[in-house]
Every structure is written in C-alpha cells, then in structure tokens.
Amino acid sequence: MKACYPGTFDPITLGHLDIIERAALIFDELDVLLMVNPRKKCVFDAAQRKAMIEASLASRENCRNVKVIIGEGLTVDFARKTGSKAIVRGIRAVTDYEYELQQATANLMLDPDVETMFLIAKPEYSFLSSSVVKEIALNDGDISKMVPAEVVDLVKEAMADKKDVLKG
Ligand code: ADP
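Presented here is a report on the structure given in the accompanying data block. Nothing here was measured: the structure is a model prediction, and the numbers come from that model.

## A short note on the packing of aromatic side chains
Scanning the model with the defined rule gives one aromatic pair in all. Judged by centre distance (5.3 Å) and plane angle (75°), the ring pair of Tyr 5 and Phe 9 falls under edge-to-face. One exposure class covers both Tyr 5 and Phe 9, and it is buried.

The following block contains the structure:
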C-alpha cells in the first residue's frame, strides 16, 4: 500500500525524518509531499526544501521506497491522483491534535477513501519544529541534534544569508 506524508518541511527536522522512516517501514511506498502554499511564508524555497529532504534520505537504506514530490492544492487530490491510500501526519502534543483533527476530518469529507494515519512523535523530538530550528540557527545556536547531519551546514548557511533580512 502507498501513502503520502505532506508537510512544509521548512526545513526538514529529525522529527520529520523519524516519521518518514517509521512510515516507510509500514507502507510499501511513501511519497513525501512538499506542499507549496503561497499563503505560507517559507524561509527556504521549494527546490531548497526538496534538496534538503533528498540529501537526508540519500544514504538511508530504510528509505529506498521514499520519493520526494513538490505539490500544491489539496492533499486528497494528490493522494487520489498518485494512488496513495493514506495520509501520514505526525502529532507532537495536544496542541497539534486540534489542528490535525480538523484537517483529517475535512479530508475525510472530501474523500472518504483516503485515511489519515497519525504517528506519535518520539519523546526526544516532541519539542522539535522547523520554527525552533530556524530561530536557533538564526542566533548561531547548535542545530546538530535537531536536523539530519546531511543538512546541518545547508541550514546554517541559508540562515546566515537570510539573517539581515530576517533580523531587519
Ligand atoms: P505543516 O505546515 O503541514 O504542518 P510541517 O512541515 O510543519 O508541515 O509538519 C509536517 C507534519 O509533520 C505535521 O503532521 C507535523 O505535526 C509533523 N511534525 C512536525 N514536527 C514533528 C516532530 N518533531 N515529530 C513528529 N512529527 C512532526
């Protein structure tokens, strides 16, 4: 069975990677769906975000069945078109739950044939978000335990480039 894991991944974190690895074990195929939403302001453009996810997966034997795809529009439309029977999402805390429940219910109304499946964040990643990573990198903090080793430098360099703009 095939599933997709949609997200913004601005940038990918170890929490995202853990969800990808666990979902890749459960499903035969997994599409990591990098959603482009013009209303969401991202620090990294879609090509940079895709390159970072691909760099993180490249050497992982357990992710051979994972593809990274840039998409826009409704996740259920993407799932239907590409043959995904499930949408995978991660839940870190109750604060994620309300939003995720709303999305999953809307998606179920749009297409009852596509199920949303939740994986609970590992405790060591339950505090971790792309925003936390960006804030720490912007202030020259250590992000090496927060993002995949393959992208630590990429994230640091990109944030250094954007520092002037972001710090105003
Ligand atoms: P979105 O804008 O769609 O929420 P994100 O890239 O922030 O995109 O997150 C994608 C999915 O991964 C969401 O379901 C989110 O709850 C989950 N997620 C984010 N960070 C973590 C983490 N540290 N551990 C587990 N799941 C996570």
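There is more to say after this.
## Details of the layout of surface pockets
The volume enclosed by the largest pocket comes to roughly 1200 Å³. Surrounding the largest pocket, 46 residues form its lining, Gly 7, Thr 8, Lys 40, Arg 89 and Tyr 99 being those nearest its centre. Of all elements in the fold, only strand S1 (2-7), helix H1 (14-26), strand S4 (86-91), helix H4 (94-110) and helix H5 (130-138) reach the threshold of two or more residues within the lining of the largest pocket. With eight residues, the top contributor of residues to the lining of the largest pocket is H4. Of the residues belonging to the lining of the largest pocket, the class tally is 18 nonpolar, 15 polar and 13 charged.

## Digging into the side chain of Ser 56
Mapped onto the secondary structure, Ser 56 falls in helix H2 (residues 46-57). The class of Ser 56 is buried, set by a relative accessible area of 0%. A polar contact of 2.7 Å, which involves the side chain of Ser 56, links it to the backbone oxygen of Met 52. Once residues within four sequence positions are removed from consideration, Ser 56 is found in contact with Ile 12, Pro 148, Glu 150 and Val 151.

About the criteria used
- Residues numbered from 1 in each chain as written.
- Predicted model: local features only at pLDDT ≥ 70, side-chain atom pairs only at ≥ 80, totals over all residues.
- Heavy atoms only, no water.
- Phe/Tyr/Trp six-rings, centres within 6.5 Å; stacked < 30°, edge-to-face > 60°.
- Buried < 20%, exposed > 50% of the residue type's maximum accessible area, 1.4 Å probe, protein only.
- 1 Å grid on protein atoms, 1.4 Å probe; cavity = no way out; pocket = protein on both sides within 12 Å on 5 of 7 lines; lining within 4 Å.
- Points joined across faces, edges and corners; volume = space filled by probe spheres on them.
- Helix = DSSP H or I, 4+ residues; strand = E, 2+ residues; numbered from the N terminus.
- Nonpolar A, V, L, I, M, F, W, Y, C, P; charged D, E, K, R; others polar.
- Polar contact = N/O pair within 3.5 Å; in protein donor to acceptor, adjacent residues only side chain to side chain.
- Contact = heavy atoms within 4.5 Å.

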